[in-house]
Amino acid sequence: MSVSERYRQAWESYWRETSDAPGDAIWDADPSLSAAPHLDLLAPHADTSLPIVDLGCGNGTQTRYLAARFGRALGVDLSQAAVEHARRADPAGAAEYRRLSLTDAAAVADLARRLGDTNVYMRAVIHQSDAADRRPVAEAVATLLGRRGRGFVVELTARSKAVLGELAASPGGPPPKLRRVFDHGLRPADAAGKEVPEVLAEAGLEILADGPTALAQTEQWPDGSRVELPARWFVVSRA
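Since this is a predicted model, take the numbers as computed values, not measurements.

**Q** Mind showing me how you'd approach the overall build of the chain here?
**A** Scanning the chain from N- to C-terminus turns up 9 helices and 7 strands. Along the three orthogonal principal directions, the C-alpha set of the chain runs to about 50 × 40 × 35 Å. Counting every position in the chain, which comprises 239 residues, the buried fraction comes to 55%. Restricting the contact set of the chain to residue pairs at least 6 apart, pairs at least 24 apart contribute 71%. Surface exposure of the chain reaches about 10200 Å², of which carbon and sulfur atoms provide 50%. A distance of 3 Å separates the average location of the 28 positive side-chain charges in the chain from that of its 32 negative side-chain charges.

Here you go:
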């Protein structure tokens with residue numbers, strides 16, 4: 001199975017039209033607001049001597065932070081333009097980056113063979129994937145974890161759609177970073193609330209811990225406060 005050409009092109013066009021400036025993508029929050037607190041939740045369950053793979057790494061902001069906490073960090077993304085962003089932002093090569101479709105089971109299995117058991121970090125990928133691709137994405141997590149790896153998965157909840165709707169209704173319409181998401185046909189918060197844990201279970205993953213959270217964005221409300229989207233996190237292993 002592979003992602004639709006429409007979906008792939010939407011992400012390619014989005015990242016081609018995104019600058020290298022930190023925070024230009026609406027979800028490109030500083031790691032202190034994202035990967036850092038997420039790793040505090042993952043750490044009690046994970047062997048940090050294993051590598052970690054950042055699935056849907058985008059421009060690599062979180063991947064570079066992960067590289068400082070694990071012996072080896074690899075960021076993968078469906079978009080080649082995103083991978084190029086990540087490489088430009090990491091001239092010292094703290095992490096590695098490559099293009100990979102998470103629905104390409106053979107390519108995911110090949111990466112798992114190369115890395116061995118690995119930890120996984122996946123932030124907000126399932127909720128915006130096409131419906132038919134959500135289980136294959138979760139299965140990619142299971143494949144990469146192997147026996148010893150642990151995964152941190154965080155996804156927007158359905159309530160985020162209402163928050164985004166309110167933001168889009170701001171005076172003057174959607175702010176620029178959110179407008180670009182809509183203009184490229186991307187669909188944030190598209191998965192139903194109960195769908196994510198169901199998809200994880202169907203993919204052969206056991207939920208070791210979970211809880212509510214919010215994903216910090218780089219846009220602001222008209223009053224200047226940071227936009228945060230309701231989400232839920234899961235620490236998972238192979239069942």
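From this point, the discussion proceeds with the structure in view.
**Q** I would appreciate a short explanation of empty space enclosed by the protein in the present structure.
**A** One way to see where empty space is left: roll a probe the size of a water molecule over the atoms. The final tally for this structure, using the stated rule, is 2 cavities of 30 Å³ or more. Considering only enclosed or pocket space, the largest cavity measures out at about 660 Å³ in volume. Secondary-structure elements contributing two or more residues to the lining of the largest cavity are α1 (5–16), α3 (61–67), β2 (73–77), β4 (119–123), α8 (176–183) and β6 (205–220). For the lining of the largest cavity, the element with the most residues is α1, which contributes 3 residues.

**Q** Please explain the environment of Lys194 as it appears in this structure.
**A** Structurally, Lys194 is set in the loop between α8 and α9 (195–202). Residue Lys194 is classed as exposed on the basis of its relative accessible area of 61%. Remark: the alpha-carbon pair of Lys194 and Thr157, spanning 37 residues in sequence, is separated by 8.7 Å.

**Q** Whenever I open this one, the side chain of Asn59 confuses me. Can you help?
**A** Residue placement: Asn59 occurs in the loop between β1 (52–55) and α3. Residue classification places Asn59 among the buried residues on the basis of a relative accessible area of 13%. Here Asp28 takes part through its side chain, which lies 3.0 Å from a polar atom of the side chain of Asn59. With residues near it in sequence (within four places) discarded, Asn59 still touches Trp15, Asp28, Arg64, Ala82, His85, Ala86 and Ala89.

**Q** How should the side chain of Asp54 be read in this particular structure?
**A** Tracing the chain through its elements places Asp54 in strand β1. Buried charge without a salt bridge: Asp54, with Arg123 as the nearest opposite-charge side chain at an N-O distance of 6.5 Å. A polar atom in the side chain of Asp54 sits 2.7 Å from the side chain of Thr63. Residues within four places of Asp54 in sequence aside, it is in contact with Gln62, Thr63, Leu66, Leu74, Gly75, Val76 and Tyr121.

**Q** What am I meant to see in the nonpolar core here?
**A** One recurring pattern in soluble globular proteins is that nonpolar side chains are buried together. Counting residues in each nonpolar core, the largest one holds 43 residues, and the members touching the most others are Trp11, Tyr14, Trp15, Leu42, Ile52, Leu66 and Phe152. Excluding residues within four positions of it along the chain, Tyr14 makes contact with Asp24, Ala25, Ile26, Trp27, Arg180, Val181, His184 and Leu186. With 29 residues, the next largest nonpolar core counts Ala112, Ala138, Leu145 and Leu200 among its residues.

Cut-offs applied
Residues numbered from 1 in each chain as written. Predicted model: local features only at pLDDT ≥ 70, side-chain atom pairs only at ≥ 80, totals over all residues. Heavy atoms only, no water. Helix = DSSP H or I, 4+ residues; strand = E, 2+ residues; numbered from the N terminus. Buried < 20%, exposed > 50% of the residue type's maximum accessible area, 1.4 Å probe, protein only. Contact = heavy atoms within 4.5 Å. Areas by Shrake-Rupley, 256 points an atom, 1.4 Å probe, with all protein chains shown as cover. Lys, Arg positive; Asp, Glu negative; His and termini not counted. Charge placed at Lys NZ, Arg CZ, Asp CG, Glu CD. 1 Å grid on protein atoms, 1.4 Å probe; cavity = no way out; pocket = protein on both sides within 12 Å on 5 of 7 lines; lining within 4 Å. Points joined across faces, edges and corners; volume = space filled by probe spheres on them. Polar contact = N/O pair within 3.5 Å; in protein donor to acceptor, adjacent residues only side chain to side chain. Salt bridge = Lys/Arg side-chain N within 4 Å of Asp/Glu carboxyl O. Core = buried A, V, L, I, M, F, W, Y, C linked by side-chain atoms within 4.5 Å.

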